[in-house]
Amino acid sequence: MNTRHLVDPELIPVLDQFPQIQLTTESLPMIRANSAAMRANIPVPEIPNLAVSEQHVPGPEGAPDVRILLYQPTDAAQPTAGLLWIHGGGYVSGDADDINGRIMASQLGCVVVSVDYRLAPETPHPGPVEDCYAALRWLHANAAELGVDTERLAIGGASAGGGLAAGLALLARDRGEVPLAFQLLIFPMLDDRTVTADPPHPYVGEFIWTADSNRFGWTSLLGHEPGGEGVSPYAAAARAEDLAGLPAAYISVGALDLFLEENMEYARRLIRAGVPTELHVYPGAFHGYQFVPTAQVTLTSMRDQMSALRRALKL
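First things first, this report covers the structure right here in the doc. This structure is a prediction, so every number in the text was calculated from the model and none was measured.

With that out of the way, let us pick up the layout of surface pockets. Here the idea is plain: a probe the size of a water molecule rolls over the atoms and shows the empty space left. There is about 350 Å³ of room inside the second largest pocket. Along its surface, the second largest pocket is lined by 19 residues, and T194, A197, P200, H201 and L258 are the ones closest to its centre. Elements with a contribution of two residues or more to the lining of the second largest pocket: α7 (211–222) and α8 (260–272). Here the lining of the second largest pocket takes four residues from α7, the largest share from any one element.

Here is the structure:
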């Protein structure tokens, strides 16, 4: 496979800066450490109108408390909307210290809770999605104190975070405890069966997040080989048989992303189930293309997702 000629020219430099990573049980600790070091070296912009605090909220029954980062705009009209943000990392890496939460809270004027859910393979499904559900319940229960309107609650995430957000939307619908107004799914990791696609799509998944990485991520989350029978829809939202009654959705993905077809199919099924759904496919973009913040495709996609959040949450 060689799809480099299809990549947006503004995104090419990042491919030369990021060496292709082979995810294995042996390499995972080093990859986590390198990712943490990289995040630590990225300067966090000072946002004057934002109060940032770290809290630990009650976790799922029998599990540890869940660490969250709380972003509260100090100049937003109250009550405002609330967004539960779930970081990416293939289900096996990453943490709540995600610049996206700061950006959305500041630019939108909404309260954002970023969840530090437990990672696989140490904590396989259902641990990660249950951690996210515990944080969502806390946000809903403390909405009045946080200045949040419970009729304007959204969930969102990127990559594995988008997959967790989609599973969380199903879990919230089925438990009926927390009403959701919107789900923001940024190149979400939705379907373990993509690992076993035969033949695989010939023009996706060459860069950043490959088929091998995808197999490792899904195997870590599920605790067994992906693609077989009996996978919970709360782990892989594309497995859900019934999508009716879910909150309105926004899905975006790059045309060279391994998740392209599973994202497009999920959007089609949501629409078929009567769920208001907005789908964006960005040409020339591979998985994680937003690592290049100055590229036009990144600026366009960020504008589109912010616009969708503003409309959905009346911001």
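Picking up where we left off.
The subject of this paragraph is the sheet that holds strand β2 (residues 66–73). The strand order across the open sheet built from eight strands is β1-β2-β4-β3-β5-β6-β7-β8, with neighbouring strands paired in mixed fashion. In the strand order of this sheet, the two ends are held by β1 (50–57) and β8 (277–282), each with one partner. Each adjacent strand pair in this sheet contributes to an overall mean axis angle of 15 degrees, direction not counted. Strands β1, β2, β3 (80–86), β4 (111–116) and β5 (148–158) of the sheet are contacted by helix α4 (residues 127–141), whose axis makes an angle of about 165 degrees with β3. Contacts between α8 and the sheet are confined to β6 (182–186), β7 (248–254) and β8, with β7 contributing the most and set at about 160 degrees to the helix.

Moving on, we come to the side chain of S252. With respect to the secondary-structure elements, S252 resides in strand β7. On the basis of relative accessibility, which here comes to 1%, the residue S252 falls in the buried class.

On to the pairing of β3. β3 sits mainly inside the fold: seven of its seven residues count as buried. Pairing of β3 with β5, which is carried by six bridges, proceeds in the parallel orientation. Its bridge partner lying in β5, I86 is registered against G157. As paired strands, β3 and β4 are joined by five bridges and run parallel to one another. Considered in β4, the bridge of L83 is made with V112. For the segment spanning β3, helix α3 (residues 99–108) and β4, crossover handedness is right-handed.

Criteria and cut-off values
- Residues numbered from 1 in each chain as written.
- Predicted model: local features only at pLDDT ≥ 70, side-chain atom pairs only at ≥ 80, totals over all residues.
- Heavy atoms only, no water.
- 1 Å grid on protein atoms, 1.4 Å probe; cavity = no way out; pocket = protein on both sides within 12 Å on 5 of 7 lines; lining within 4 Å.
- Points joined across faces, edges and corners; volume = space filled by probe spheres on them.
- Helix = DSSP H or I, 4+ residues; strand = E, 2+ residues; numbered from the N terminus.
- Pairing = 2+ DSSP bridges.
- Axes fitted to C-alpha atoms, helices over the stretch in contact; angles between N-to-C directions.
- Contact = heavy atoms within 4.5 Å.
- Buried < 20%, exposed > 50% of the residue type's maximum accessible area, 1.4 Å probe, protein only.
- Right-handed = clockwise from strand over helix to strand, strands pointing away.

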